[in-house]
Amino acid sequence: RGGRVSEIVRTVLRTVPQVALRVLLEGPYDPASGKMTTALTTTLTLAQHFAGRSIPDESVDSITVEIRDTPDAASAQVRKYAPAWLTSDGSIRMFTDAARAYVDFDAVVGNYYVLIHHRNHLTVMSHQPYALGTSGSVIDLSDWSSGARAHGTNAMKQLAAGVYGMYAGDANGS
């Protein structure tokens, strides 16, 4: 019995890594406003696709955030995914609780590379691992002056002076 109680206590007290992100998509980016359009929300496309979900008013689309412990997916010991809403200013909202401006992962607190996946844009990965804790580490991949840059050469497209976004495209032809 004592083992079961301590297991329950460890589960309740366990902390999970959280991350708050900012990323822009080339496709819906409007250089005049410095934001992305919300056409999928205003035309009710997101509401039809995600019936019954609470969708933030300024949603652009859904994305998937991934964390992993190494840049190489094949050798990663930890790979965790979380769906999220992407809003017009590039910030994210938790998919299951749109009031939260971060996502959390079923993993231990630690150093992770952060990847952003979108159905119509090329995936990006942070150029370095970030210490993800319980306070919602903030990573702004759209502003390279912040030090948050994507992994690889020309991994993101310059959308305006000092503003970067994910390349539009369908790399796998799906």
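Since the structure is predicted, the reported quantities are computational estimates derived from the model, not experimental observations. (Residues numbered from 1 in each chain as written. Predicted model: local features only at pLDDT ≥ 70, side-chain atom pairs only at ≥ 80, totals over all residues. Heavy atoms only, no water.)

Participant: Could you clarify how one ought to interpret the sheet that holds strand β11 (residues 137-140) in this entry?
Facilitator: Two strands in a sheet stick together by hydrogen bonds in their backbones, pointing the same way (parallel) or opposite ways (antiparallel). Strand order in the open sheet made by the 3 strands is β7-β1-β11, with mixed pairing throughout. Looking at strand neighbours, the two that pair on one side only are β7 (103-104) and β11, the edges of this open sheet. Judged from the 4 bridges that link them, strand β1 (residues 18-22) and β11 form a sheet pairing that is parallel. Within β11, the residue paired with V19 across the bridge is S137. (Pairing = 2+ DSSP bridges. Helix = DSSP H or I, 4+ residues; strand = E, 2+ residues; numbered from the N terminus.)

Participant: Explanation requested: the pattern of salt bridges in the structure shown.
Facilitator: A side chain of one charge can pair with a side chain of the opposite charge when the charged atoms of the two come close. This structure, assessed with the given rule, holds 6 salt bridges. With a shortest N-O distance of 2.7 Å, E26 and K157 are connected by a salt bridge. Highlighted residues: E26 in the loop between β1 and β2 (29-30) and K157 in strand β12 (residues 157-160), separated in sequence by 131 residues. With relative accessibility at 31%, the residue K157 sits in the partly exposed group. Each of E66, R68 and R79 takes part in one network of salt bridges that share partners. (Salt bridge = Lys/Arg side-chain N within 4 Å of Asp/Glu carboxyl O. Buried < 20%, exposed > 50% of the residue type's maximum accessible area, 1.4 Å probe, protein only.)

Participant: So what exactly am I meant to see when it comes to the environment of D106 here?
Facilitator: Note that D106 resides in the loop between β7 and β8 (110-118). Given the relative accessible area of 48%, D106 is considered partly exposed. Distance from D106 to Q18, taken between C-alpha atoms, is 9.6 Å for residues 88 residues apart in sequence.

Participant: I tried to follow the confidence of the model for the protein chain on my own but got confused; where do I start?
Facilitator: Low pLDDT means the predicted atomic positions in that stretch should not be read closely. For the protein chain, the average pLDDT comes to 86, and 86% of its residues sit at 70 or higher. Between residues 6-14, whose pLDDT stays under 50, and residues either more than four places distant or in other chains, the model counts 1 contact. (pLDDT = per-residue confidence, 0-100. Contact = heavy atoms within 4.5 Å.)

Participant: Sorry, what's going on with the environment of I92 here?
Facilitator: Along the chain, I92 falls in strand β6 (residues 92-94). Residues I92 and V65, spaced 27 residues apart in sequence, show a C-alpha to C-alpha distance of 9.7 Å. The residues contacting I92, other than those within four sequence positions of it, are V19, L21, I63, A84, W85, L86, R100, A101, Y102 and V103.

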